[in-house]
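# Residue-level structure breakdown
Residues per chain, in single letters:
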Amino acid sequence: MALIEYVALVILGGLVLAWEAWSPGQASAQPMTLLFWVLANMLGEFLWLPAPKQRGYLSMATAANFATLLILPVSLAVTVTALAGALVDLGFRRRRWYQVLFNASVCCISVFAASRVFTTICQGRDGLENLLSPLNVGALLLAAITYFLLNTWLVTGVVSLDQKLPACHVWATTFASGQEVLGSFVLVTLGLLFAALFLAWGYTSVFPTAIATWFVRQAYGRYVEGRPGATASRAAAASGRG
(Lines give C-alpha, C1' and ligand atoms only; values in the text may rest on other atoms or scores of the structure.)
Protein backbone atom coordinates (compact mmCIF):
# COMPACT_ATOMS: atom_id res chain seq x y z
CA MET A 1 0.00 0.00 0.00
CA ALA A 2 2.86 2.38 0.83
CA LEU A 3 4.31 1.85 -2.65
CA ILE A 4 1.00 2.73 -4.32
CA GLU A 5 0.66 5.84 -2.18
CA TYR A 6 4.21 6.90 -2.96
CA VAL A 7 3.73 6.48 -6.72
CA ALA A 8 0.44 8.39 -6.54
CA LEU A 9 2.09 11.20 -4.58
CA VAL A 10 4.91 11.54 -7.11
CA ILE A 11 2.41 11.59 -9.99
CA LEU A 12 0.38 14.26 -8.21
CA GLY A 13 3.51 16.31 -7.61
CA GLY A 14 4.46 16.05 -11.27
CA LEU A 15 1.00 17.22 -12.36
CA VAL A 16 1.08 20.17 -9.96
CA LEU A 17 4.50 21.32 -11.14
CA ALA A 18 3.52 20.86 -14.79
CA TRP A 19 0.53 23.12 -14.13
CA GLU A 20 2.74 25.62 -12.31
CA ALA A 21 5.23 25.61 -15.19
CA TRP A 22 2.51 26.81 -17.54
CA SER A 23 1.65 29.89 -15.49
CA PRO A 24 0.78 33.01 -17.55
CA GLY A 25 3.62 34.90 -19.16
CA GLN A 26 5.75 31.93 -20.20
CA ALA A 27 7.89 32.36 -23.29
CA SER A 28 7.10 30.43 -26.46
CA ALA A 29 9.23 28.69 -29.07
CA GLN A 30 8.98 27.80 -32.73
CA PRO A 31 7.30 24.46 -33.55
CA MET A 32 10.46 23.25 -35.31
CA THR A 33 12.48 23.91 -32.16
CA LEU A 34 10.02 21.93 -30.05
CA LEU A 35 10.04 19.04 -32.53
CA PHE A 36 13.84 19.06 -32.57
CA TRP A 37 14.05 18.72 -28.79
CA VAL A 38 11.28 16.14 -28.57
CA LEU A 39 13.12 13.95 -31.07
CA ALA A 40 16.45 14.58 -29.32
CA ASN A 41 15.00 13.47 -25.99
CA MET A 42 13.34 10.43 -27.56
CA LEU A 43 16.68 9.44 -29.05
CA GLY A 44 18.28 9.86 -25.65
CA GLU A 45 15.73 7.45 -24.18
CA PHE A 46 17.00 4.77 -26.59
CA LEU A 47 20.72 5.27 -25.94
CA TRP A 48 22.33 3.83 -22.83
CA LEU A 49 25.76 3.68 -21.23
CA PRO A 50 26.75 0.56 -19.23
CA ALA A 51 26.87 1.29 -15.50
CA PRO A 52 30.42 1.10 -14.07
CA LYS A 53 29.56 -1.78 -11.73
CA GLN A 54 27.68 -3.67 -14.45
CA ARG A 55 24.41 -3.13 -12.55
CA GLY A 56 22.13 -1.71 -15.18
CA TYR A 57 22.70 1.25 -17.47
CA LEU A 58 22.89 5.04 -17.47
CA SER A 59 20.35 6.70 -19.74
CA MET A 60 21.53 9.22 -22.30
CA ALA A 61 18.18 10.90 -21.71
CA THR A 62 19.91 12.64 -18.79
CA ALA A 63 22.10 14.51 -21.27
CA ALA A 64 19.13 15.40 -23.48
CA ASN A 65 17.02 16.48 -20.49
CA PHE A 66 19.78 18.72 -19.16
CA ALA A 67 20.40 20.31 -22.55
CA THR A 68 16.68 20.96 -22.93
CA LEU A 69 16.29 22.72 -19.59
CA LEU A 70 19.27 24.93 -20.43
CA ILE A 71 17.78 26.01 -23.76
CA LEU A 72 13.99 26.10 -23.39
CA PRO A 73 11.78 27.99 -20.92
CA VAL A 74 10.68 25.89 -17.97
CA SER A 75 7.18 25.26 -19.32
CA LEU A 76 8.45 23.95 -22.64
CA ALA A 77 11.35 22.05 -21.08
CA VAL A 78 8.98 20.18 -18.75
CA THR A 79 6.55 19.43 -21.58
CA VAL A 80 9.18 18.31 -24.09
CA THR A 81 11.11 15.99 -21.74
CA ALA A 82 8.03 14.39 -20.16
CA LEU A 83 6.33 13.95 -23.54
CA ALA A 84 9.39 12.36 -25.13
CA GLY A 85 9.76 9.87 -22.28
CA ALA A 86 6.05 9.02 -22.31
CA LEU A 87 6.04 8.44 -26.08
CA VAL A 88 8.97 6.04 -25.82
CA ASP A 89 7.42 4.25 -22.81
CA LEU A 90 4.09 3.81 -24.59
CA GLY A 91 5.24 3.16 -28.12
CA PHE A 92 8.37 1.06 -27.65
CA ARG A 93 8.81 -0.13 -24.06
CA ARG A 94 5.15 -1.10 -23.60
CA ARG A 95 5.13 0.16 -20.03
CA ARG A 96 1.95 0.09 -17.95
CA TRP A 97 0.01 3.33 -17.66
CA TYR A 98 1.07 4.01 -14.06
CA GLN A 99 4.71 3.41 -14.95
CA VAL A 100 4.40 5.91 -17.79
CA LEU A 101 2.82 8.49 -15.48
CA PHE A 102 5.41 7.90 -12.76
CA ASN A 103 8.36 8.24 -15.14
CA ALA A 104 6.87 11.37 -16.70
CA SER A 105 6.26 12.85 -13.25
CA VAL A 106 9.81 12.16 -12.12
CA CYS A 107 10.99 13.93 -15.26
CA CYS A 108 8.62 16.87 -14.63
CA ILE A 109 9.80 17.34 -11.05
CA SER A 110 13.50 17.01 -11.83
CA VAL A 111 13.46 19.25 -14.91
CA PHE A 112 11.18 21.85 -13.31
CA ALA A 113 13.34 22.20 -10.21
CA ALA A 114 16.66 22.21 -12.07
CA SER A 115 15.35 24.75 -14.58
CA ARG A 116 14.10 27.04 -11.80
CA VAL A 117 17.45 26.81 -10.02
CA PHE A 118 19.35 27.61 -13.19
CA THR A 119 17.19 30.54 -14.31
CA THR A 120 17.13 32.02 -10.80
CA ILE A 121 20.91 32.03 -10.37
CA CYS A 122 22.26 32.35 -13.90
CA GLN A 123 23.42 35.67 -15.35
CA GLY A 124 21.67 35.05 -18.67
CA ARG A 125 21.45 32.18 -21.14
CA ASP A 126 20.53 33.99 -24.37
CA GLY A 127 23.34 33.02 -26.66
CA LEU A 128 26.43 30.87 -26.45
CA GLU A 129 28.58 33.45 -24.68
CA ASN A 130 26.06 33.89 -21.88
CA LEU A 131 25.51 30.16 -21.38
CA LEU A 132 29.25 29.44 -21.15
CA SER A 133 30.09 32.54 -19.16
CA PRO A 134 32.21 31.90 -16.03
CA LEU A 135 29.47 33.71 -14.12
CA ASN A 136 27.15 30.78 -14.88
CA VAL A 137 29.39 28.03 -13.51
CA GLY A 138 27.66 28.05 -10.15
CA ALA A 139 24.21 28.02 -11.73
CA LEU A 140 25.15 25.09 -13.98
CA LEU A 141 26.57 23.09 -11.08
CA LEU A 142 23.57 23.70 -8.83
CA ALA A 143 21.13 22.86 -11.64
CA ALA A 144 22.99 19.62 -12.36
CA ILE A 145 23.07 18.66 -8.67
CA THR A 146 19.37 19.45 -8.30
CA TYR A 147 18.47 17.31 -11.30
CA PHE A 148 20.67 14.42 -10.13
CA LEU A 149 19.41 14.39 -6.55
CA LEU A 150 15.72 14.65 -7.36
CA ASN A 151 15.85 12.14 -10.20
CA THR A 152 17.80 9.53 -8.25
CA TRP A 153 15.97 9.94 -4.93
CA LEU A 154 12.52 9.72 -6.52
CA VAL A 155 13.52 6.45 -8.19
CA THR A 156 15.18 5.30 -4.96
CA GLY A 157 11.85 5.64 -3.18
CA VAL A 158 10.20 3.12 -5.49
CA VAL A 159 13.06 0.62 -5.25
CA SER A 160 13.23 0.98 -1.48
CA LEU A 161 9.51 0.39 -0.95
CA ASP A 162 9.29 -2.39 -3.52
CA GLN A 163 12.27 -4.35 -2.18
CA LYS A 164 11.80 -3.31 1.47
CA LEU A 165 15.32 -1.94 1.77
CA PRO A 166 16.55 1.21 3.54
CA ALA A 167 16.34 4.15 1.15
CA CYS A 168 19.80 5.47 2.05
CA HIS A 169 21.34 2.06 1.33
CA VAL A 170 19.59 1.83 -2.05
CA TRP A 171 20.65 5.33 -3.06
CA ALA A 172 24.24 4.95 -1.87
CA THR A 173 24.80 1.61 -3.60
CA THR A 174 22.86 2.31 -6.79
CA PHE A 175 23.43 5.99 -7.56
CA ALA A 176 25.97 7.57 -5.22
CA SER A 177 29.16 5.55 -5.60
CA GLY A 178 32.10 7.30 -7.21
CA GLN A 179 31.68 5.46 -10.52
CA GLU A 180 27.95 6.19 -10.80
CA VAL A 181 28.50 9.85 -9.97
CA LEU A 182 31.22 9.98 -12.62
CA GLY A 183 28.81 8.52 -15.18
CA SER A 184 26.18 11.12 -14.31
CA PHE A 185 28.81 13.87 -14.53
CA VAL A 186 29.74 12.67 -18.02
CA LEU A 187 26.09 12.80 -19.10
CA VAL A 188 25.48 16.27 -17.66
CA THR A 189 28.65 17.57 -19.33
CA LEU A 190 27.48 16.05 -22.58
CA GLY A 191 24.14 17.83 -22.10
CA LEU A 192 25.94 21.15 -21.71
CA LEU A 193 27.86 20.39 -24.92
CA PHE A 194 24.59 19.64 -26.74
CA ALA A 195 23.13 22.96 -25.60
CA ALA A 196 26.25 24.86 -26.65
CA LEU A 197 26.28 23.22 -30.08
CA PHE A 198 22.61 24.06 -30.59
CA LEU A 199 23.18 27.71 -29.72
CA ALA A 200 26.21 27.82 -32.02
CA TRP A 201 24.86 25.97 -35.07
CA GLY A 202 21.12 25.54 -34.62
CA TYR A 203 19.52 22.48 -36.17
CA THR A 204 22.72 21.50 -37.98
CA SER A 205 24.22 20.80 -34.54
CA VAL A 206 22.63 17.35 -34.84
CA PHE A 207 25.67 16.19 -36.83
CA PRO A 208 28.45 17.18 -34.39
CA THR A 209 26.15 16.08 -31.56
CA ALA A 210 25.84 12.61 -33.07
CA ILE A 211 29.63 12.41 -33.44
CA ALA A 212 30.18 13.56 -29.85
CA THR A 213 27.62 11.05 -28.58
CA TRP A 214 29.27 8.19 -30.45
CA PHE A 215 32.71 9.20 -29.16
CA VAL A 216 31.53 9.46 -25.54
CA ARG A 217 29.71 6.12 -25.68
CA GLN A 218 32.78 4.38 -27.13
CA ALA A 219 35.21 5.98 -24.69
CA TYR A 220 33.00 5.37 -21.65
CA GLY A 221 32.30 1.79 -22.73
CA ARG A 222 36.04 1.11 -22.95
CA TYR A 223 36.54 2.69 -19.54
CA VAL A 224 33.91 0.42 -17.98
CA GLU A 225 35.22 -2.69 -19.72
CA GLY A 226 38.77 -1.91 -18.64
CA ARG A 227 37.95 -1.66 -14.94
CA PRO A 228 39.23 -4.58 -12.79
CA GLY A 229 35.74 -5.45 -11.59
CA ALA A 230 34.44 -5.74 -15.12
CA THR A 231 37.35 -7.95 -16.13
CA ALA A 232 36.74 -10.22 -13.15
CA SER A 233 33.03 -10.42 -13.97
CA ARG A 234 33.76 -11.48 -17.53
CA ALA A 235 36.27 -14.07 -16.35
CA ALA A 236 33.81 -15.47 -13.83
CA ALA A 237 31.10 -15.66 -16.49
CA ALA A 238 33.46 -17.46 -18.87
CA SER A 239 34.48 -20.01 -16.21
CA GLY A 240 30.83 -20.52 -15.31
CA ARG A 241 30.01 -21.40 -18.93
CA GLY A 242 32.93 -23.81 -19.02
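These notes cover the structure that comes with them.

What counts, and at which threshold
Residues numbered from 1 in each chain as written. Predicted model: local features only at pLDDT ≥ 70, side-chain atom pairs only at ≥ 80, totals over all residues. Heavy atoms only, no water. Axes fitted to C-alpha atoms, helices over the stretch in contact; angles between N-to-C directions. Helix = DSSP H or I, 4+ residues; strand = E, 2+ residues; numbered from the N terminus. Parallel < 35°, antiparallel > 145°, perpendicular 65-115°, else oblique. Left-handed = near helix turned anticlockwise from the far one by under 90°. Contact = heavy atoms within 4.5 Å. Phe/Tyr/Trp six-rings, centres within 6.5 Å; stacked < 30°, edge-to-face > 60°. Nonpolar A, V, L, I, M, F, W, Y, C, P; charged D, E, K, R; others polar. 1 Å grid on protein atoms, 1.4 Å probe; cavity = no way out; pocket = protein on both sides within 12 Å on 5 of 7 lines; lining within 4 Å. Points joined across faces, edges and corners; volume = space filled by probe spheres on them. Core = buried A, V, L, I, M, F, W, Y, C linked by side-chain atoms within 4.5 Å. Buried < 20%, exposed > 50% of the residue type's maximum accessible area, 1.4 Å probe, protein only. Polar contact = N/O pair within 3.5 Å; in protein donor to acceptor, adjacent residues only side chain to side chain.

Attention shifts here to the packing of helix α3 (residues 61-71) against helix α9 (residues 178-201). Two numbers describe how α3 lies on α9: the axes approach to 7 Å, and their chain directions differ by 45°. It follows from the interaxial angle that α3 and α9 lie oblique. Like other packed secondary-structure pairs, α3 and α9 cross with a definite hand, here right-handed. In this structure, α3 uses T62, A63, F66, A67, L70 and I71 to contact α9, whose residues at the interface are L187, V188, L190, G191, L192, F194, A195, F198 and L199.

Per the stated rule, a full pass over the model turns up 10 aromatic pairs. Here the aromatic residues F36, W37, F198 and Y203 are joined through ring pairs into a cluster of three or more.

With that settled, the discussion passes to the packing of helix α4 (residues 74-93) against helix α5 (residues 97-121). Axis separation between α4 and α5 bottoms out at 9 Å; the angle between their running directions is 155°. As judged from the angle between their axes, α4 and α5 are roughly antiparallel. Of the two elements, α4 crosses α5, and the hand of that crossing is right-handed. Contacts between α4 and α5 pair V74, A77, V78, T81, A82, A86, D89 and L90 from the former with V100, N103, A104, C107, C108, V111, F112, S115 and R116 from the latter. Its residues placed into classes, the contact of α4 with α5 shows 12 nonpolar, 3 polar and 2 charged.

Okay, the layout of surface pockets next. As a volume, the largest pocket reaches approximately 1,400 Å³. Lining the largest pocket are 46 residues, and of these W48, N103, N151, V155 and F175 sit closest to its centre. Of all the secondary structure elements, the ones that give two or more residues to the lining of the largest pocket are α1 (2-21), β2 (57-59), α3, α4, α5, α7 (137-163) and α9. Considering each element in turn, the lining of the largest pocket owes the most residues, 9 residues, to α7. Here the lining of the largest pocket is composed, by residue class, of 26 nonpolar, 13 polar and 7 charged. Along the walls of the second largest pocket sit 19 residues, with A40, L43, F194, V206 and T209 positioned nearest its centre. If you list the elements that add at least two residues to the lining of the second largest pocket, you get α2 (31-46), α3, α9 and α10 (206-226). Residues that form the lining of the second largest pocket fall into these classes: 14 nonpolar, 4 polar and 1 charged.

Below, the discussion takes up the nonpolar core. W37, L69, L70 and F118 are the most contacted members of the largest nonpolar core, which totals 44 residues. Secondary structure elements with two or more residues in this core: α2, α3, α4, α5, α7, α9 and α10. The element that contributes the greatest number of residues to this core is α4, accounting for 8 residues. Excluding residues within four positions of it along the chain, L69 makes contact with A77, V111, A114, S115, R125 and Y147.

Here S205 is to be found in the loop between α9 and α10. We classify S205 as buried; its relative accessible area is 1%. Separated by 10 residues in sequence, S205 and A195 have C-alpha atoms that sit 9.3 Å apart. Apart from the residues within four sequence positions on either side, S205 is in contact with F36, L197 and F198. A distance of 2.6 Å separates a polar side-chain atom of S205 from the backbone oxygen of G202.

Purely spatial values, then, with no claim about function.
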